[in-house]
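So you can see what is in the structure, the chains are spelled out below.
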Amino acid sequence: QVQLVESGGGLVQAGGSLRLSCAASGSIYSINAMGWYRQAPGKQRELVAIFTSGDSTNYADSVKGRFTISRDNAKNTVYLQMASLKPEDTAVYYCYADLRRSIWGGRGDYWGQGTQVTVSS
């Protein structure tokens, strides 16, 4: 079984910073992609930032220059450093991983339970 456990959400004033963490645990052979999505009330879930194959990263245009994704491969952990936060960044942030559970297969998409980020104006 694989689990993604997020931490670090909370309430912050506009212009402030937060750091999210997500640790993947369980039977993991390799991680193909890992990163963050978010979903605001009444909106669809959207990509925030993600590591794809190799060391490539993708960011949503709305967070470029403000958010930074990083990772610790030894710990199967990904981080999201969020700076210059805006009220429109308010959402539930979900950790995502596309990973393989064994050398023989078992590739799938996994999601964390979500962590609330609220930015007050």
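Thresholds applied
- Residues numbered from 1 in each chain as written.
- Predicted model: local features only at pLDDT ≥ 70, side-chain atom pairs only at ≥ 80, totals over all residues.
- Heavy atoms only, no water.
- Phe/Tyr/Trp six-rings, centres within 6.5 Å; stacked < 30°, edge-to-face > 60°.
- Helix = DSSP H or I, 4+ residues; strand = E, 2+ residues; numbered from the N terminus.
- Buried < 20%, exposed > 50% of the residue type's maximum accessible area, 1.4 Å probe, protein only.
- Core = buried A, V, L, I, M, F, W, Y, C linked by side-chain atoms within 4.5 Å.
- Pairing = 2+ DSSP bridges.
- Axes fitted to C-alpha atoms, helices over the stretch in contact; angles between N-to-C directions.
- Disulfide = S-S within 2.5 Å.

## Let's talk about the packing of aromatic side chains
Move 1: All chains considered together, the criterion is met by 3 aromatic pairs.
Move 2: When the centroid spacing of 5.6 Å and the interplanar angle of 75° are considered together, the rings of Tyr37 and Tyr96 count as edge-to-face. With Tyr37 in strand S4 (residues 30-39) and Tyr96 in strand S9 (residues 91-102), the pair connects residues that are 59 residues apart, well separated along the chain.
Move 3: Owing to a relative accessible area of 11%, Tyr96 belongs among the buried residues under this scheme.

## Structural notes on the nonpolar core
Move 1: With 30 residues, the main nonpolar core has Trp36, Leu80, Met82 and Tyr93 as its most contacted residues.
Move 2: Secondary structure elements with two or more residues in this core: strand S1 (2-7), strand S3 (18-26), S4, strand S5 (46-51), strand S7 (67-72), strand S8 (77-82), S9 and strand S11 (115-120).
Move 3: Ranked by residues supplied to this core, first place goes to S9 with 5 residues.

## Structural notes on the sheet that holds S8
Move 1: Across the sheet, which stays open at both edges, the 4 strands sit in the order S1-S3-S8-S7 with antiparallel pairing between neighbours. On the outer flanks of this sheet lie S1 and S7, each paired with one strand and no other. Across this sheet, the average inter-strand angle for adjacent strands is 15°, counted without regard to direction.
Move 2: Pairing of S1 with S3, which is carried by 6 bridges, proceeds in the antiparallel orientation. Its bridge partner being in S3, Val5 is matched across the sheet by Ala23.

## Description of the state of the cysteines
Move 1: Inspection of every chain in the model, using the stated rule, returns 1 disulfide.
Move 2: Between Cys22 and Cys95 runs a disulfide, and the two sulfur atoms are separated by 2.0 Å. Judged by the torsion about the S-S bond (-85°), the Cys22/Cys95 disulfide is left-handed. Residue Cys22 is located in strand S3, and its partner Cys95 is located in strand S9; the two are separated by 73 residues in the primary sequence. Like Cys95, Cys22 is buried.

## Focus on the environment of Gly105
Move 1: With respect to the helices, strands and loops of the structure, Gly105 is situated in strand S10 (residues 105-111).
Move 2: Look at Gly105 and you get buried, because its relative accessible area is 11%.

## Topic: unusual backbone geometry
Move 1: Phi at Asn76 is positive, roughly 50°, even though this residue is not glycine.
Move 2: Structurally, Asn76 can be placed in the loop between S7 and S8.
Move 3: By relative accessible area, which is 24% here, Asn76 ends up partly exposed.
Move 4: Look at Ser84: it is not a glycine, yet its phi comes out positive at around 50°.
Move 5: Along the polypeptide, Ser84 turns up in the loop between S8 and S9.
Move 6: Given the relative accessible area of 43%, Ser84 is considered partly exposed.

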